[in-house]
Amino acid sequence: YMSDLIEDLFALSQLDAGVLKLKPEPGQLSDLLSDTLESMRALAQARQHELVGEVEGELPEISYDAPKIQRVLNNLVSNAIHHTAPGGQIVLGARVNEPERAIEISVRDNGEGIAPADLEHIFDSFYRGERSRGREHGGAGLGLAIAKGLVEAHGGTILVESVAGQGASFIFRLPLQKV
């Protein structure tokens, strides 16, 4: 746990200082989504969740830093698993968002949702909403701040939509660009 925390703090300091080095390479995001579903399936099953992938149509190849985007996906899916009661459903979706000229990736759950007071702070470093203050959720409140930084380093955007008690959707967009 301590090494994870140190790694997170290091990543966050690099992001804050604007010195994080991306190593973008052309690739298919659908491969990364498959890897994420595969690697998170055991954690989801342990909590009796259904983990589903929904890719709409063909995703074009884009240039991105695969380990960094993998980290974003792992963070969002892991959060969804931990904040959804047993028997829930988590959907990892992807589609081309033409008006935004981006590939849009979403992680939707039907869990506890996020309180309105927490929504505006959810991406702040060290912020932990009321619902996650218990020890069973662990974490130092860095995951979403890092996810936001990594997405923005790719020229993308990230947002959250949630109604308390009705789940949450984290959506991030990576720009379509010529590879």
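Enquirer: Please explain the overall build of the chain as it appears in this structure.
Expert: For the chain, the helix and strand inventory stands at five helices and seven strands. In sequence order, the secondary structure elements of the chain are arranged as α-β-α-β-β-α-β-β-α-α-β-β. Looking at the chain residue by residue over its 179 residues, the buried ones come to 43%. The contacts in the chain between residues at least 6 apart in sequence include a share of 72% that link residues at least 24 apart. Per element, the accessible surface of the chain, about 9,300 Å² overall, is 51% carbon and sulfur.

Enquirer: Please clarify how the nonpolar core should be interpreted in this entry.
Expert: If you look at the biggest cluster of nonpolar residues, it comprises 44 residues, and the most contacted ones within it are Leu29, Ile69, Leu73, Leu76, Ile105, Phe170 and Phe172. Looking at which element gives the most residues to this core, the answer is helix H3 (residues 66-82), with seven residues. If we skip the residues at most four places from it in the chain, leucine 76 touches Val107, Leu144, Ile158, Phe170 and Phe172.

Enquirer: Just checking my understanding: could you explain the packing of helix H2 (residues 29-46) against H3 for this structure?
Expert: Running from N to C, H2 and H3 cross one another at 35°; their axes reach a closest spacing of 10 Å. Judged by the twist between their axes, the crossing of H2 over H3 is right-handed. Residue-level inspection shows Leu29, Leu32, Leu33, Asp35, Thr36, Ser39, Met40, Leu43 and Ala44 of H2 in contact with H3, the latter providing Ala66, Ile69, Gln70, Leu73, Asn74, Val77, Ser78, Ile81 and His82. Broken down by class, the residue content of the contact of H2 with H3 amounts to 11 nonpolar, six polar and one charged.

Enquirer: What is the right way to read the sheet that holds strand E7 (residues 168-175) from this model?
Expert: The strands making up a sheet are joined through hydrogen bonds of the backbone, oriented either antiparallel or parallel. In space, the five strands of this open sheet follow the order E2-E4-E5-E7-E6, with mixed pairing throughout. Single-partner strands in this sheet number two, and they are strand E2 (50-55) and strand E6 (157-162). Sheet twist, expressed as the average angle between the axes of neighbouring strands with direction ignored, equals 15°. Sheet topology places E2 next to strand E4 (residues 89-97); six bridges connect them, and they run parallel. From the neighbouring strand, glutamate 54 faces E4, where its bridge partner is glycine 93. In the packing of H2 onto the sheet, contacts are made with E2, E4, strand E5 (102-109) and E7, and the angle to E2 comes to roughly 170°.

Enquirer: Looking at this structure, how should I read the pairing of E7?
Expert: Each regular strand carries side chains that alternate between the two faces of the sheet. Counting buried positions along E7 yields seven of eight residues, so the element is predominantly enclosed. The sheet contact formed by E5 and E7 spans seven bridges and is antiparallel. Note on E7: the bridge partner recorded for alanine 102 is proline 175. In this structure, E6 lies alongside E7, joined through six bridges in antiparallel fashion. Directly across from leucine 159, in E7, lies its bridge partner isoleucine 171. In sequence, E6 turns back onto E7 through a hairpin of five residues, with glycine 165 there showing a positive phi of about 85°.

Enquirer: Help me understand the environment of threonine 36 in this model?
Expert: Considering the arrangement of structural elements, one finds threonine 36 in helix H2. Residues threonine 36 and arginine 71, spaced 35 residues apart in sequence, show a C-alpha to C-alpha distance of 9.4 Å. Dropping the residues within four chain positions of it, threonine 36 is found in contact with Gln70, Leu73, Asn74, Val77 and Leu92.

Enquirer: It is not clear to me how the confidence of the model for the chain should be interpreted in this structure. Could you clarify?
Expert: Low-confidence regions, as indicated by low pLDDT, have predicted coordinates that should not be scrutinised in detail. Counting all residues, the mean pLDDT for the chain is 86, and 88% of those residues have values of 70 or more. Predicted confidence is poor over residues 131-137, with pLDDT under 50, and the contacts of this stretch with residues over four places away or in other chains come to 12 contacts.

What counts as what
- What you see as residue numbers is a count from 1 along each chain, following the sequence as written.
- Local features in this predicted model are restricted to residues of pLDDT 70 or higher, and side-chain atom pairs are both shown and tallied only at a pLDDT of 80 or more, whereas totals for entire chains, interfaces and linings draw on every residue.
- Only hydrogens and water are set aside when side-chain values are computed; all heavy atoms of the structure are taken into account.
- Helix and strand assignments follow DSSP, with helices taken as H or I runs no shorter than four residues and strands as E runs no shorter than two, numbered in order from the N terminus.
- When a residue's accessible area, from a 1.4 Å probe over protein chains only, is under 20% of the maximum for its type it is buried; when over 50% it is exposed; and in between it is partly exposed.
- Contact between two residues is taken to exist if any of their heavy atoms lie within 4.5 Å; hydrogens are not considered.
- Per-residue and other accessible areas follow the Shrake-Rupley method at a 1.4 Å probe size, with only the shown protein chains counted as cover for residues.
- Side-chain atoms within 4.5 Å are what join buried Ala, Val, Leu, Ile, Met, Phe, Trp, Tyr and Cys residues into a set we call a nonpolar core.
- Fitted lines through C-alpha atoms give the axes, limited to the stretch in contact for helices. The angle between two N-to-C directions lies from 0 to 180 degrees.
- Helix crossings fall into two classes, left-handed where the near helix is turned counterclockwise from the far one by less than a right angle and right-handed where it is turned clockwise.
- Side-chain classes follow a simple rule in which Ala, Val, Leu, Ile, Met, Phe, Trp, Tyr, Cys and Pro form the nonpolar group, Asp, Glu, Lys and Arg form the charged group, and the remainder, Gly included, forms the polar group.
- Whether two strands pair depends on DSSP finding at least two bridges between them.
- What pLDDT expresses is the predictor's confidence in each residue, scored from 0 to 100.

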